[in-house]
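# Breakdown of the fold
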Amino acid sequence: MDQNTYSPGLHKLVTLQVNDVNLLTNSNSFIAFSEKIIQEFELEKVGIITHNFENNSFTIAICLKESHICIHTWPEFKQLTLDVYLCNYLQDNTQKVKSITNAFINYFNAVVLKDFEINR
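In this report, we go over the structure that sits alongside the text. Everything numeric here is computed off the predicted structure, so don't read it as measured data. (Residues numbered from 1 in each chain as written. Predicted model: local features only at pLDDT ≥ 70, side-chain atom pairs only at ≥ 80, totals over all residues. Heavy atoms only, no water.)

What follows covers the pairing of strand β1 (residues 9-17). Judged by how many residues are buried, β1 sits mostly within the fold: 7 of 9 residues are covered. Strand direction decides the pairing type here: β1 and strand β6 (residues 111-119), joined by 8 bridges, are antiparallel. Its bridge partner lying in β6, L10 is registered against N119. (Buried < 20%, exposed > 50% of the residue type's maximum accessible area, 1.4 Å probe, protein only. Helix = DSSP H or I, 4+ residues; strand = E, 2+ residues; numbered from the N terminus. Pairing = 2+ DSSP bridges.)

Okay, the side chain of E66 next. Following the sequence through the fold, E66 ends up in the loop between β3 (58-64) and β4 (67-74). Buried within the structure, E66 lacks any salt-bridge partner; its nearest side chain of opposite charge belongs to K65, at an N-O separation of 6.2 Å. A polar contact is formed between the side chain of E66 and the backbone nitrogen of E44, at a distance of 3.2 Å. Not counting the four nearest positions on each side in its chain, E66 is found in contact with E42, L43, E44, Y85, L86 and C87. (Lys, Arg positive; Asp, Glu negative; His and termini not counted. Salt bridge = Lys/Arg side-chain N within 4 Å of Asp/Glu carboxyl O. Polar contact = N/O pair within 3.5 Å; in protein donor to acceptor, adjacent residues only side chain to side chain. Contact = heavy atoms within 4.5 Å.)

This brings us to a nonpolar patch on the surface. A cluster of nonpolar residues, Y6, Y89 and L90, forms a patch on the protein surface that exposes about 390 Å² of accessible area. Note on placement: Y6 falls in the segment before β1. Classification of Y6 by relative accessible area gives partly exposed; the value is 32%. (Patch = residues over 30% accessible without salt bridge, like charges linked within 9 Å, V, L, I, M, F, W, Y side chains within 5 Å. Areas by Shrake-Rupley, 256 points an atom, 1.4 Å probe, with all protein chains shown as cover.)

Here's what the structure looks like:
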């Protein structure tokens, strides 16, 4: 791989508005959906950490061989932040990152409040 043209990958960071508070408090449903995404996009899960808060909001970090997917929910504000990053070591995963992010936006039936793309 040419070091001068190598791009480590796309990192998407979004803040979403979600009207269905149940989606922001059901970590098990999010994990199940994430497992489907991981299979659909042929990613390799290394591990997952979940923390549920007293108000049923949650933080989840899914470590992937390709990098990670992280989420934090705020049901009291009907918002969440989502972080999707896949490395481009063996292939360009740019479109995969965009598609995965869109799948989560659709899952939450969300309105995008902030959308950042960082080309690493």
